[in-house]
Amino acid sequence: MIETPARILRTEGATAWVVAAAPASCGACGGKGCGSSIFTRLLHRDEPEYAVDNAIGAQPGEAVVIGVEDGAVFKAALAAYLVPLALLMLGAMLGARLGEVQAVVGAVLGLLLAVLWLRRRRAGARPIILRRGEAACQSRN
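Note that the coordinates shown come from a computational prediction; the quantities given were computed from them, not determined experimentally. (Residues numbered from 1 in each chain as written. Predicted model: local features only at pLDDT ≥ 70, side-chain atom pairs only at ≥ 80, totals over all residues. Heavy atoms only, no water.)

Novice: Would you mind showing me how to read the pattern of salt bridges here?
Specialist: Should the charged atoms of two oppositely charged side chains come close, the side chains can pair. Within this structure, the stated rule accounts for 5 salt bridges. When the shortest N-O distance is used, the salt bridge between Glu-12 and Arg-10 registers 3.4 Å. For Glu-12, a relative accessible area of 47% gives the class partly exposed. Assessed through its relative accessible area of 33%, Arg-10 is described here as partly exposed. Residue Arg-126 is joined to Asp-53 by a salt bridge in which the shortest nitrogen-to-oxygen separation is 2.7 Å. Separated by 73 residues along the polypeptide, Arg-126 in the loop between helix H3 (100–121) and strand S5 (128–132) and Asp-53 in strand S3 (residues 50–53) bring together distant segments of the chain. A relative accessible area of 35% means that Arg-126 is categorised as partly exposed. Judged by relative accessible area, which is 30%, Asp-53 ranks as partly exposed. One salt-bridge network, in which partners are shared between bridges, spans Arg-10, Glu-12 and Glu-49. (Salt bridge = Lys/Arg side-chain N within 4 Å of Asp/Glu carboxyl O. Buried < 20%, exposed > 50% of the residue type's maximum accessible area, 1.4 Å probe, protein only. Helix = DSSP H or I, 4+ residues; strand = E, 2+ residues; numbered from the N terminus.)

Pasting the structure below:
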């Protein structure tokens, strides 16, 4: 199980909205920052919130540890990258049998099919709150 500390912002029934406590730096650059962290700060000025299952009944403001099953990140990456690419290529190849314009239309239809599939699949494995308390989970504001 992959675990990370987080802070609960709000709860809605059995779902809690959390902010993951990211480390100050990964250690590779000694805290100088990297391209990845620079783009993250530019694109996400606010901390992103994530919906997690609140099986322990934690309350807003509490520090918790959230976890996701091993392999879930790999499966999500395959679903998000491989499936759309495969359907795009399949649509383009099928359309190419009829002509150049049809190849473009087939590629777009394949990509739209992948988007619909991903939206239906979204109800997959969600992270869960494993336990309360982590001293490292403080607000970065």
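So, next bit.
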